[in-house]
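Summary of the model geometry
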Amino acid sequence: MAEVVVRIRNEKGALASCSQAVSDCNVNVLTGFFTAPGRSRTATLSFFADITDAEGGLSDLRRTLQAMDQIQSVEAIAAEDGFMVDKQHFPVQWAGRRGILMRADALNEMLNRLWAVFGTGAATIIDQMAEAMGRHSAKEIVEDFGARFAVDQLDELIGTYSALGYADVSIERGKTSDFPVVVNAKSLFECESNAKQHLHRRSAFFRAHLRGFMSGTFSKAFDVSEVQCLTDGDEVCSFRVALSEAVAPRLPARLSERAP
Ligand SMILES: [Zn+2]
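Within every chain, residues take consecutive numbers counted from 1 along the sequence as written. This being a predicted model, a pLDDT of at least 70 is required before a residue's local features are given, and a value of 80 or more before pairs of side-chain atoms are given or counted; all residues contribute to the totals for chains, interfaces and linings.

Topic: the nonpolar core
Soluble, globular proteins show a tendency: their nonpolar side chains are buried together. Within the largest apolar cluster, 30 residues are counted, with the highest numbers of intra-cluster contacts made by Ala167, Ala185, Leu188 and Leu210. Under the DSSP-based scheme used, a helix requires at least four consecutive residues in state H or I and a strand at least two consecutive residues in state E, with every element numbered from the N terminus. Counting only elements with at least two residues in this core, the list comes to helix H4 (121-145), helix H6 (154-158), strand S8 (181-186), helix H8 (189-197), helix H9 (205-218), strand S9 (222-228) and strand S10 (237-243). Ranked by the residues each element gives to this core, the list is headed by H9, at six residues. Contact definition: two residues whose C-beta atoms, as placed from backbone geometry, lie within 7 Å. With near-sequence residues (within four places) excluded, Leu210 lies in contact with Gly134, Val183, Val224, Phe239 and Val241. To form a nonpolar core, buried Ala, Val, Leu, Ile, Met, Phe, Trp, Tyr and Cys residues must be joined through C-beta atoms within 7 Å. Buried means a residue has 20 or more other C-beta atoms within 10 Å of its own C-beta, exposed means 12 or fewer, and partly exposed covers the counts in between; C-beta atoms are placed from the backbone. With 14 residues, the next largest nonpolar core counts Ile8, Cys18, Leu65 and Val74 among its residues.

So, the packing of helix H3 (residues 104-118) against H4
The angle between the axes and the distance between the axes are what describe a pair of packed helices. Direction vectors running N to C along H3 and H4 enclose 145 degrees, while the axes themselves pass 7 Å from each other. For the crossing formed where H3 meets H4, the hand is right-handed. Two secondary-structure elements touch here, H3 through Leu111, Leu114, Trp115 and Phe118 and H4 through Gly121, Ala122, Ile125 and Ile126. Note on residue classes: Ala, Val, Leu, Ile, Met, Phe, Trp, Tyr, Cys and Pro are nonpolar, Asp, Glu, Lys and Arg are charged, and everything else, Gly too, is polar. Residue composition of the contact of H3 with H4, by class: seven nonpolar, one polar and no charged. For helices, the fitted axis covers only the stretch in contact; all axes are lines through C-alpha atoms, and the angles between them, taken along N-to-C directions, range from 0 to 180 degrees. The crossing is said to be left-handed when, going from far helix to near helix, the turn is anticlockwise and less than a right angle, and right-handed when the turn is clockwise.

Quick notes on the pairing of strand S2 (residues 28-35)
The pairing criterion for strands is at least two bridges between them, as found by DSSP. Pairing between S2 and strand S3 (residues 42-50): seven bridges, direction antiparallel. Each residue of the ladder has a partner; that of Thr35, found in S3, is Thr44. As consecutive antiparallel partners, S2 and S3 are separated by six residues.

Regarding the environment of Gln66
Residue position: Gln66 is located in helix H2 (residues 57-66). Placed 60 residues apart in sequence, Gln66 and Val6 show a C-alpha to C-alpha distance of 9.2 Å. If near-sequence neighbours (up to four positions away) are discounted, Gln66 is found in contact with Ile71 and Val74.

Re the domain arrangement of the chain
Here the limits of each domain have been adopted from an automatic or database domain assignment. What the domain assignment reports for the chain is domain 1 (2-90) and domain 2 (102-243). Centre-to-centre, using C-alpha coordinates, domain 1 lies 38 Å away from domain 2.

Some thoughts on H3
The length a helix should cover is 1.5 Å for every residue beyond the first. Given a rise of 1.5 Å per residue, 15 residues ought to cover 21 Å, and the 21 Å separating the end C-alpha atoms of H3 matches this to within 8%. Downstream of H3 by a residue or two, Gly119 has a phi angle that is positive, lying close to 60 degrees.

Comments concerning the sheet that holds S9
On the basis of which strands lie adjacent, the open sheet formed by four strands has the order S7-S8-S10-S9 and antiparallel pairing. The strands lining the two open edges of the sheet, one partner per strand, are strand S7 (168-172) and S9. Neighbouring strand axes in the sheet, compared pairwise and without regard to direction, differ in orientation by 25 degrees on average. Packed on one face of the sheet, H9 meets S8, S9 and S10 and runs near 145 degrees to S9.

Brief notes about the sheet that holds S2
Pairing within the open sheet is antiparallel, and its four strands lie in the order S2-S3-S1-S4. Every other strand in the sheet has two partners, leaving S2 and strand S4 (71-78) as the edge strands with one partner each. With strand direction ignored, the average angle separating the axes of adjacent strands in the sheet is 15 degrees. With seven bridges joining them, strand S1 (residues 2-9) and S4 adopt antiparallel strand pairing. Following the sheet pairing, Ile8 is matched in S4 by Ile71. Here H2 sits on the sheet and contacts S1 and S4; the angle it forms with S4, its principal contact strand, is near 175 degrees.

Here is the structure:
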């Protein structure tokens, strides 16, 4: 087993030549990824490989790749006993920023610990923490792409939750494109765990995260309520997302008529 990281010139055909060279060395790619950021001159091909059939071993692969014009650098490390951890891609990138990966179980465990220590007070702590996280993520997206983009691409942006592994998320709209909308979160990590362990009803973390995410995207206050939930026996968790009425009170008809 080996881990190989190849920096390639970010140009057409470079990946194909590199892959062919790897194959010609009888190196069998097991798992990996290729990333070629649009504005970068360098692309990265990174993979774990079985080198059992590679007669020339890693040094042959390294030499072959380094001799190619399109390849800038090659790092290849072999594992002694077949166990390898990817240490070459630190820090982990998420949407161009530093990220960390966490098992869903670990996050659920953190939330459960809060419930155990703070009782009902945990609801406020989780709500505030998750709201801030959601708002922060949305603000970064707005900073990167602009507010108009974020609003126009809301359906795609909500897919961030699927990409992060929180839930398989989609938006259901009424006849108009206005709020309220319903956000369906299938296999939501938080409620799946709660439904199994019979610990809590409905989501605290995701609901607040979604509220923060919407507030950060639209720069308005939102109310989010979970109208269907796995913990209530429903098939999917559904969240009604509406503009907050507390911030924009509706004037009684008579009063608004009198307004100049
Ligand atoms: Zn739920």
